[in-house]
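Here is what each chain is made of, one letter per residue.
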Amino acid sequence: MNDVKLGSWSVDGCPITVEYSLVVIEEIRREVTGGVQRLSRGGIEVGGVLYGTREGSAVRIVAMRPIACEHARGPGFLLSDKDRVELNDQLLGDAGSAP
């Protein structure tokens, strides 16, 4: 992890600092851009799970995984029953391998 370039974000008056891998931010940007391009009027909403660590007041985001959404209820990120089952399976599978 030493060669990973990090950015950081904080808010004045808040003790929490969020550090994030610039690679992960690029992955998020690609997911969002892909969603925007899927429909001519505003695109579709996308979502994902962030993985990382917390040490004291620092949260470090080191990975992300998109959440599959069939968009059965339109372009909003509203999970169907099927999507929720798949998300649960994804989280259970990731539990043993997350950073």
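For the structure, check the block above.
Residues numbered from 1 in each chain as written. Predicted model: local features only at pLDDT ≥ 70, side-chain atom pairs only at ≥ 80, totals over all residues. Heavy atoms only, no water.

### Things to note about the pairing of strand β2 (residues 17-21)
Relative to β2, strand β1 (residues 6-10) runs antiparallel, the two being bridged by 5 bridges. Across the sheet, residue Ser-8 finds its bridge partner in β2, namely Glu-19. The turn joining β1 and β2, which pair antiparallel and follow one another in sequence, is formed by 6 residues; a positive phi near 85° is taken by Gly-13. Two elements, β2 and strand β4 (residues 58-66), share 4 bridges in a ladder whose sense is parallel. Considered in β4, the bridge of Tyr-20 is made with Ile-61. (Pairing = 2+ DSSP bridges. Helix = DSSP H or I, 4+ residues; strand = E, 2+ residues; numbered from the N terminus.)

### Some details on a nonpolar patch on the surface
On the surface, Val-32, Val-36 and Val-46 cluster together into a nonpolar patch covering about 210 Å² of accessible area. Assignment of secondary structure puts Val-46 in the loop between α1 (22-37) and β3 (48-55). Take Val-46: its relative accessible area is 35%, and that puts it in the partly exposed class. (Patch = residues over 30% accessible without salt bridge, like charges linked within 9 Å, V, L, I, M, F, W, Y side chains within 5 Å. Areas by Shrake-Rupley, 256 points an atom, 1.4 Å probe, with all protein chains shown as cover. Salt bridge = Lys/Arg side-chain N within 4 Å of Asp/Glu carboxyl O. Buried < 20%, exposed > 50% of the residue type's maximum accessible area, 1.4 Å probe, protein only.)

### Side note on the pairing of β4
When β3 meets β4, the two strands line up antiparallel, connected through 8 bridges. Across the sheet, residue Thr-53 finds its bridge partner in β4, namely Arg-60. If you look at the hairpin formed by β3 and β4, you'll find 2 residues sitting between the two strands, and Gly-56 has a positive phi there, around 60°.

### Describing the pattern of salt bridges
As enumerated under the stated definition, the model contains 3 salt bridges in all. For Arg-60, the salt bridge identified is with Glu-19, shortest N-O distance 2.9 Å. Residue Arg-60 is located in strand β4, and its partner Glu-19 is located in strand β2; the two are separated by 41 residues in the primary sequence. You can call Arg-60 partly exposed: its relative accessible area is 28%.

### Description of the nonpolar core
Counting residues in hydrophobic clusters, the biggest one holds 6 residues: Val-49, Tyr-51, Ile-67, Cys-69, Leu-79 and Leu-87. Apart from the residues within four sequence positions on either side, Leu-79 is in contact with Ile-67, Ala-68, Cys-69, Arg-73, Arg-84 and Leu-87. (Core = buried A, V, L, I, M, F, W, Y, C linked by side-chain atoms within 4.5 Å. Contact = heavy atoms within 4.5 Å.)

### Some remarks on the sheet that holds β3
Strand order in the open sheet formed by 4 strands is β1-β2-β4-β3, and the pairing between neighbours is mixed. A strand with exactly one partner marks an edge of an open sheet, and here the two such strands are β1 and β3. If you compare each strand with its neighbour and ignore which way they point, the axes differ by 30° on average. Taken strand by strand, α1 contacts β1, β2, β3 and β4, and its axis lies near 40° from that of β4. Sheet contacts for helix α2 (residues 81-95): β3 and β4; angle to β3, the most-contacted strand, approximately 35°. (Axes fitted to C-alpha atoms, helices over the stretch in contact; angles between N-to-C directions.)

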